[in-house]
Amino acid sequence: TLLARDRAAGAREIERAAEAGGGAGAQADVIVMDDGLQNPQLAKDLTLAVVDGSRGLGNGRVMPAGPLRAPLAFQLGLIDAIVVNAPSSIVGSAVYDWLMQRFKGPILRCATVVAGDAEWLQGRRVVAWAGIGAPQRFFALLRSLGAAVVETVAFGDHQRLVETDARRLLAAAGQRRAVLVSTTKDMARLKGATGVLADLAAATRMLPIGLQFPAPDAERLAALIAGVLRARPG
């Protein structure tokens, strides 16, 4: 994994490390970039856009009037396929139908699922916290798994927690006689923490999640990736 504000510089560093046989790009022959759809610095071989099947695209306007970073027509011209993430099949849903009318490429379906054992949540009193793009989706998932979610705390996406936040969460769990539960992404941000933030990490249970595609859509996604790999020079 390599972090770089400058996307082109990051890709060059991965290539350099791959050629040198060490570092972040050791033995890498594919770069998977998170975000950066509108960034023109890199020529992308395959571009996927993920759409929340529940929220859709909001009012369809560009920030600050709406949630989009660029006009929708422009963004649709940049992508090869759309992945609609919904809690259940979205065929026939408003979001799916709306996209079908505006995008001629593949529109794939998936759902968020638990990647591991979740039986320990049954009837367990939980204080759930998350700082992701859609924390309410995570909270709803916990409830669907049988957890008694007694309190939820939502932070901003990518928000860095401070000691005050940690004390608040630990106090809430103690007062509610509940276990703290969060996401893999949030727990990764606490890696290497010290003091009360380390106490928060130790007291929080993580619920790993993943995406599950119906077989036809999984096959289409695999075919898209395989086609790009076959077309690569060398």
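Structure shown above.
All of these numbers come straight from a predicted model, not from anything done at the bench.

(A) Looking closely at the sheet that holds strand S4 (residues 125-130). An order of S5-S4-S6-S7 is seen for the four strands of this open sheet, with the pairing classed as parallel. A strand with exactly one partner marks an edge of an open sheet, and here the two such strands are strand S5 (148-154) and strand S7 (204-206). This sheet shows a mean twist of 30 degrees between the axes of neighbouring strands, independent of strand direction. For strand S6 (residues 179-182) and S7, the ladder comprises three bridges, and the chain directions are parallel. Paired with Val181 across the two strands is Arg205, which belongs to S7. Against the sheet, helix H7 (residues 195-203) engages S4, S6 and S7, with an angle of about 50 degrees to S7.

(B) The environment of Gly210, seen in detail. Of note, Gly210 is situated in strand S8 (residues 209-212). Exposure remark for Gly210: the relative accessible area of 24% places this residue in the partly exposed category. Ignoring anything within four residues of it in the chain, the contact list for Gly210 reads Ala111, Thr112, Val113 and Ala115.

(C) How the structure looks around the side chain of Ser182. Tracing the sequence through the fold places Ser182 in strand S6. Residues in contact with Ser182, not counting those within four places in the same chain, are Trp129, Ala130, Phe138, Met187, Thr204, Arg205, Met206 and Leu207.

(D) Unusual backbone geometry, seen in detail. With an omega of 5 degrees, the peptide bond running from Met63 to Pro64 counts as cis. Residue placement: Pro64 occurs in the loop between strand S1 (48-52) and helix H2 (72-76). Residue Arg177 is not a glycine yet carries a positive backbone phi of 50 degrees. Mapped onto the elements of the fold, Arg177 is located in the loop between helix H5 (163-176) and S6.

(E) Seen up close, the sheet that holds strand S3 (residues 107-114). As summarised here, the arrangement of the four strands in space is S1-S2-S3-S8, forming an open sheet in which the pairing is mixed. Because the sheet does not close on itself, it has two edges, and the strands there are S1 and S8. Across the sheet, the mean angle separating the axes of adjacent strands is 30 degrees when strand polarity is ignored. The strands touched by helix H4 (residues 135-144) within the sheet are S1, strand S2 (81-85), S3 and S8, with S3 carrying the most contacts at an inclination of about 55 degrees.

(F) Focus on helix H8 (residues 215-231). Given a rise of 1.5 Å per residue, 17 residues ought to cover 24 Å, and the 24 Å separating the end C-alpha atoms of H8 matches this to within 8%. Residues of H8 that are buried include every one of Asp217, Leu221 and Val228, and no others. Taken around the axis of H8, the buried residues stretch over an arc of 40 degrees, which confines them to a single face. For H8, the exposed residues set more than 90 degrees away from the buried face come down to Glu219 and Arg230.

(G) Focus on the packing of H5 against H7. Relative orientation of the contacting elements H5 and H7 amounts to 40 degrees, with a least axis distance of 8 Å. In terms of orientation, H5 lies oblique with respect to H7. Crossing handedness for the pair H5 and H7: left-handed. Judged by residue contacts, Glu163, Ala166, Arg167, Leu169 and Leu170 of H5 engage Val196, Leu197, Asp199, Leu200 and Ala203 from H7. Its residues assigned to classes, the contact of H5 with H7 shows seven nonpolar, no polar and three charged.

Cut-offs applied
Residues numbered from 1 in each chain as written. Predicted model: local features only at pLDDT ≥ 70, side-chain atom pairs only at ≥ 80, totals over all residues. Heavy atoms only, no water. Pairing = 2+ DSSP bridges. Helix = DSSP H or I, 4+ residues; strand = E, 2+ residues; numbered from the N terminus. Axes fitted to C-alpha atoms, helices over the stretch in contact; angles between N-to-C directions. Contact = heavy atoms within 4.5 Å. Buried < 20%, exposed > 50% of the residue type's maximum accessible area, 1.4 Å probe, protein only. Expected span 1.5 Å × (residues − 1). Arc of directions from axis to C-beta. Parallel < 35°, antiparallel > 145°, perpendicular 65-115°, else oblique. Left-handed = near helix turned anticlockwise from the far one by under 90°. Nonpolar A, V, L, I, M, F, W, Y, C, P; charged D, E, K, R; others polar.

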